[in-house]
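What follows is each chain in one-letter form.
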2 protein chains.
Amino acid sequence: MDRRIARTRSILESALNQLTLVKGYEAVTIKDICDEANVGRSTFYAHFTSKDDLKRRGLEHLRHHLLARQQAALAGGSSPQDRALSFSLVMLEHARDHAALYKALVGDRGGSVALGMIREILGELIRTDLARLDMERVRGPADREATVHYLVGAFMSVMIWWLDSGAKLAPGEVDTLFRHLSLEGIDV
Amino acid sequence: MDRRIARTRSILESALNQLTLVKGYEAVTIKDICDEANVGRSTFYAHFTSKDDLKRRGLEHLRHHLLARQQAALAGGSSPQDRALSFSLVMLEHARDHAALYKALVGDRGGSVALGMIREILGELIRTDLARLDMERVRGPADREATVHYLVGAFMSVMIWWLDSGAKLAPGEVDTLFRHLSLEGIDV
DNA sequence: AAGATACCGAACATAGTGTTCGGAAACCTG
DNA sequence: CAGGTTTCCGAACACTATGTTCGGTATCTT
């Protein structure tokens, strides 16, 4: 690929992230991004159709990262229980590593683009997880899709709460918490 | 209250809902709303600061509705298990009754305002629920806030999935599904 | 080195937001 | 039902952002 293209796209992605930290995703305009990146506005439109488009493409990196880590977890885990929901810890660690950006994203409504995409990605991972569990145990394929959405929503919500409240707990602790609620249910 | 005020606000709320059905929440402009409602644009700004403001005030109705129904459920239920998570069925029935509007809301990102507010409302209800459970049983107040967010996220996600996939199941079935996942965990 | 391709920047059209203000219309009060 | 009060209308204005076009310039690939 032409180096100019790679450079332009990369710097635009970085600029959006940087500006998101400063003023929140929604408040960032395309002109802002171009100024921050030192790129002509017409050039922006030569690569991306909108700010959301730019954001979505940037999140492809995350998708590949998570998929790779899941492969490793599925291969290496000891018991089925350990291997299940492996996305949880990986995702929480990623969130902690980019905590400021995540918080800026979820802070305002603008997060819906990024969060929507992350939900998609997690949905894929969880489907894989559940299918694997179904193979190893006897269990009807009933309600699997409902369970996927149940888990995605629960996880995202807990993660955002964790980030918003300052991420005081370690990723491992939140992971334990989430897995316990998921596998055992809330203790009535 | 001056009748003109009540009438203007009410008709503006209806106009927003109507237009949301037609073109989706985000695509609705303030001019659209005023045209649909036959209200001057300056009048709009005399009552609301923005489209989101209008939406939020409209959702106060839902809040009161849900709170009232929860009171009834808490008073009337037989076992503690039955009384817990009473918001679930009420909310699902309300969603079914306004399915088209809900689907239009969650379809695009614009839903984040409404959904964010609904999450808030449900959070309150669940906190009440859990506190009640804590009183009736012996149980440490540990992680209660995490559980609240876990349940809100899981429920919203399941509800949206249900609506998006055409609401083929009855509210009662989805309720059962959700309660089972919440109380027993996913069956590994 | 040469041809292809990307980038720049300025200009233009379009569309939405939010404010102001004077006159007309509707409302509540006594 | 007459009074003063309040709301509503609508047009005008300033402002900001989006998305497109195009000729000239700089940079890349082969």
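Residues numbered from 1 in each chain as written. Chains lettered and ligands numbered in written order. Predicted model: local features only at pLDDT ≥ 70, side-chain atom pairs only at ≥ 80, totals over all residues. Heavy atoms only, no water.

(A) Broad picture of the interface of chain B and chain A. Residue-level contacts link 34 residues of chain B with 34 residues of chain A. Together chain B and chain A conceal approximately 3100 Å² of surface at their shared face, both sides included; 65% is due to carbon and sulfur atoms. If you look at where chain B meets chain A, you find zero salt bridges. Seen at the junction of chain B and chain A, the total is nine residue pairs in polar contact (both at pLDDT 80 or more). Broken down by secondary-structure element, the contributors of at least two residues to the side of chain B that touches chain A are helix 9 (111–136), helix 10 (144–164) and helix 11 (171–184) of chain B. Counting residues per element, the side of chain B that touches chain A draws most heavily on helix 10 of chain B, which supplies 11 residues. Its residues placed into classes, the side of chain B that touches chain A shows 16 nonpolar, nine polar and nine charged. (Contact = heavy atoms within 4.5 Å. Buried area = accessible area lost by both parts, 1.4 Å probe. Salt bridge = Lys/Arg side-chain N within 4 Å of Asp/Glu carboxyl O. Polar contact = N/O pair within 3.5 Å; in protein donor to acceptor, adjacent residues only side chain to side chain. Helix = DSSP H or I, 4+ residues; strand = E, 2+ residues; numbered from the N terminus. Nonpolar A, V, L, I, M, F, W, Y, C, P; charged D, E, K, R; others polar.)

(B) Inspection of the domain arrangement of chain A at higher detail. Residues and elements named next belong to chain A. Partitioning chain A into domains gives domain 1 (3–50) and domain 2 (59–184). Distance between the C-alpha centres of domain 1 and domain 2: 29 Å. Contacts between domain 1 and domain 2 engage seven residues on the former and nine residues on the latter. Note on domain 1 versus domain 2: buried area summed over both sides is about 660 Å², and carbon and sulfur give 66% of it. Of all residues in domain 1, the largest losses of buried area upon contact with domain 2 belong to Leu21, Tyr25 and Glu26, amounting jointly to 66% of the total for that side. The tally of links between domain 1 and domain 2 comes to one residue pair in polar contact (both at pLDDT 80 or more). (Domains from an automatic or database assignment.)

(C) Inspection of the protein's contact with DNA strand D at higher detail. Neighbouring DNA strand D are 22 residues, the closest being Arg4(A), Arg41(A), Thr8(B), Ser42(B) and His47(B). For DNA strand D, the backbone portion of the atoms within 4 Å of the protein, that is sugar and phosphate, comes to 59%. Asn38(B) is positioned such that a nitrogen or oxygen atom in its backbone is 3.2 Å from a phosphate oxygen of DNA strand D. Interatomic distance of 2.6 Å between a side-chain N/O atom of Ser42(B) and a base oxygen of DNA strand D. Where the surface near DNA strand D is concerned, the elements lending two or more residues are helix 1 (3–23) and helix 3 (41–47) of chain A together with helix 1 (3–23) and helix 3 (41–47) of chain B. If you tally residues by element for the surface near DNA strand D, the top one is helix 3 of chain B, at four residues. Here the surface near DNA strand D is built from residues that sort into five nonpolar, nine polar and eight charged. (Near = heavy atom within 4 Å.)

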